[in-house]
Amino acid sequence: MPRPIVASISISALQHNLAVARAHAPGARVWGVLKANGYGHGLERAMRGFAAADGLALIEPDYAVRLRELGWTKPILLLEGFFDADDLPVLAQHDIQFAVHCEEQIAQLEAFTAAASLHAHLKMNSGMNRLGFKPETYRAAYARLQKIPSVASITLMTHFANADDAGNPLLPLAEQVRRFQAGSEGLDGPRSLCNSAADLMHAELANDWVRPGVMLYGGTPGGGSAADFGLRAAMTLESRIIGIQQVPAGEAIGYGSRFVADKPMKIGVVACGYADGYPRHAPNGTPVLVDGVKTGTVGRVSMDMLTVDLTHIPDADVGSQVELWGSKLPIDEVAYAAGTIGYELMCALAPRVAVREVD
Ligand SMILES: *Cc1c(COP(=O)(O)O)cnc(C)c1O
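Quick notes on the rules
- Residues numbered from 1 in each chain as written.
- Predicted model: local features only at pLDDT ≥ 70, side-chain atom pairs only at ≥ 80, totals over all residues.
- Heavy atoms only, no water.
- UniProt positions renumbered as here; feature names shortened; annotations may be inferred.
- Buried < 20%, exposed > 50% of the residue type's maximum accessible area, 1.4 Å probe, protein only.
- Helix = DSSP H or I, 4+ residues; strand = E, 2+ residues; numbered from the N terminus.
- Arc of directions from axis to C-beta.
- Contact = heavy atoms within 4.5 Å.
- Core = buried A, V, L, I, M, F, W, Y, C linked by side-chain atoms within 4.5 Å.
- Domains from an automatic or database assignment.
- Axes fitted to C-alpha atoms, helices over the stretch in contact; angles between N-to-C directions.
- Left-handed = near helix turned anticlockwise from the far one by under 90°.
- Parallel < 35°, antiparallel > 145°, perpendicular 65-115°, else oblique.
- Phe/Tyr/Trp six-rings, centres within 6.5 Å; stacked < 30°, edge-to-face > 60°.
- Polar contact = N/O pair within 3.5 Å; in protein donor to acceptor, adjacent residues only side chain to side chain.
- Buried area = accessible area lost by both parts, 1.4 Å probe.
- Salt bridge = Lys/Arg side-chain N within 4 Å of Asp/Glu carboxyl O.
- Nonpolar A, V, L, I, M, F, W, Y, C, P; charged D, E, K, R; others polar.

You'll find the protein entered in an unreviewed UniProt entry as Alanine racemase, with Herbaspirillum seropedicae given as the organism. According to the UniProt record, the Cofactor (unreviewed entry) comment for the protein is "pyridoxal 5'-phosphate". If you open the UniProt record of the protein and go to Catalytic activity (unreviewed entry), you find "L-alanine = D-alanine".

## Some points on helix α4 (residues 61-69)
Buried within α4 we find Pro61, Ala64, Val65, Leu67 and Arg68. Viewed end-on, α4 has its buried residues packed into an arc of 150°, placing them on one side of the element. Within α4, the exposed residues directed more than 90 degrees away from the buried face are Asp62 and Glu69. Here the buried face of α4 lies against α3 (43-49), β3 (55-58), β4 (76-78) and α5 (87-94).

## Section: unusual backbone geometry
For Asp95, which is not a glycine, the phi torsion comes out positive at approximately 55°. Tracing the sequence through the fold places Asp95 in the loop between α5 and β5 (97-100). For Asp95, a relative accessible area of 41% puts it in the partly exposed group. Unusually for a residue other than glycine, Ser257 sits at a positive phi of about 45°. Inspection of the secondary structure assignment puts Ser257 in the loop between β11 (252-253) and β12 (259-260).

## What to know about the nonpolar core
Among the nonpolar cores identified, the biggest contains 107 residues, and Leu34, Phe98 and Tyr278 are the most heavily contacted of them. No other element matches helix α1 (residues 11-24), which puts six residues into this core. Both domains that meet at this core, namely domain 1 (11-220) and domain 2 (235-357), each give it at least three residues. Residues Phe259, Ala261, Ile267 and Val298 belong to the second largest nonpolar core, which totals seven residues.

## Things to note about the packing of helix α7 (residues 135-146) against helix α8 (residues 173-184)
Following both chains from N to C, one finds α7 and α8 inclined at 35°, their axes separated by 8 Å at the closest point. For α7 against α8, the interelement crossing comes out right-handed. Each of Pro135, Tyr138 and Arg139 in α7 lies in contact with α8, whose residues at this interface are Arg179, Phe180, Ala182, Gly183 and Ser184.

## Some points on the packing of helix α6 (residues 103-111) against α7
Viewed as axis vectors pointing N to C, α6 and α7 meet at an angle of 15°, and their least axial separation amounts to 10 Å. Between α6 and α7, the angle falls in the class roughly parallel. The element α6 and its partner α7 pack so that their crossing is left-handed. Here Glu103, Ile106, Ala107, Leu109 and Glu110 of α6 lie close against α7, whose contacting residues are Ala141, Arg144 and Leu145.

## Remarks on the packing of aromatic side chains
Under the defined criterion, the tally for this structure stands at six aromatic pairs. Aromatic pair Phe50 and Tyr217: ring centres 5.6 Å apart, planes at 70°, arrangement edge-to-face. Here the residue Phe50 occupies a position in the loop between α3 and β3, and Tyr217 occupies one in the loop between β9 (209-210) and β10 (235-247), the gap between them amounting to 167 residues. Among the aromatic residues, ring-to-ring pairing joins Tyr39, Phe50, Tyr217 and Tyr343 into one connected group.

## Thoughts on the side chain of Gln97
Position of Gln97 relative to the elements: it lies in strand β5. For Gln97, a relative accessible area of 13% corresponds to the buried category. At 2.7 Å, the side chain of Gln97 and the side chain of His121 are in polar contact.

## Observations regarding the domain arrangement of the protein
Looking at the protein, the domain boundaries give domain 1 (11-220) and domain 2 (235-357). Measuring from the centre of the C-alpha atoms in domain 1 to the corresponding centre in domain 2 gives 37 Å. Opposite the twelve residues of domain 1 that make contact, domain 2 presents eight residues. The junction of domain 1 with domain 2 conceals about 930 Å² of combined surface from both sides, 62% of it contributed by carbon and sulfur atoms. Taken together, the links from domain 1 to domain 2 amount to one salt bridge. For the pair domain 1 and domain 2, the number of links is two residue pairs in polar contact (both at pLDDT 80 or more). If you list the elements that add at least two residues to the side of domain 1 that touches domain 2, you get α2 (35-39) and α3. Partitioning the side of domain 1 that touches domain 2 into residue classes produces five nonpolar, five polar and two charged.

Here you go:
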């Protein structure tokens, strides 16, 4: 007898959102980004949802190989490249493309003398200051890569820090674009710049390839709601009320007695806790739907349960349906209330939660 918590994953929502990504970047090829287990939706399900993508991009080399075993024949890209020179024969064998972001990786490629046809994506640090070559060292890195016999192609790649907030004074989007153009001008090869936010809001930057992630799952990358962008939630997390307490005014609820009833309250206990991936730091009032009616959490989220106010929902009872996030309650709304982003909530869905595929 399973716990009542279930995550429903909609394959048609994944397909729909991919079509939205493509419509915003009509001339570009699309990498469906499915790192972190398809942002929590399951690698294999995401692969099927993105069957129409031109390629799949992720971080984990073992999952990249898994995609080949699952039958994906189109391009696969490792967004952080390889982590060890020993990975190179495996990547060559499975035709897995990879980012090259540092001198050490170039040296490892130079030392890899086996006959192979490798596809490198040379990453520029255009201001994010995470991975990549600075614009002024980019050309030299490109020239070194070009001399390596096993490197068959070089794609020029960068990643934006503020595509959802183009005017950010610390690093405007236009400044990253300017640096990328200056550092890569005249170099041969396809360009790959846009994440979801750039894909949705800066179609003019769509180049040869775009790399949408969170939007494909129906989460917003910022700059508007998912619904504003015509996206559909791919994950709906539902559970049920498993207990009811009538709590008198002045009594507290849950660990640490963080919430004290200021009037007689009807409290519902939901079979969902932080061990399911629900954020423990969600404050009182984080939105929840009970039988389709909006209410909020009260008291601390515990490992296996959370508590919600049912005072204004007289019909709610043990067995009532609860939506934690998804098709009727946007994940971003829950995330915002909890001081995080939809990305984190979807990625954190715990393995113990049963998953059901829906259309
Ligand atoms: C994760 C990732 C993306 C996708 O980002 P979203 O904001 O989810 O669209 C694109 N490019 C790179 C390099 C990434 O690591």
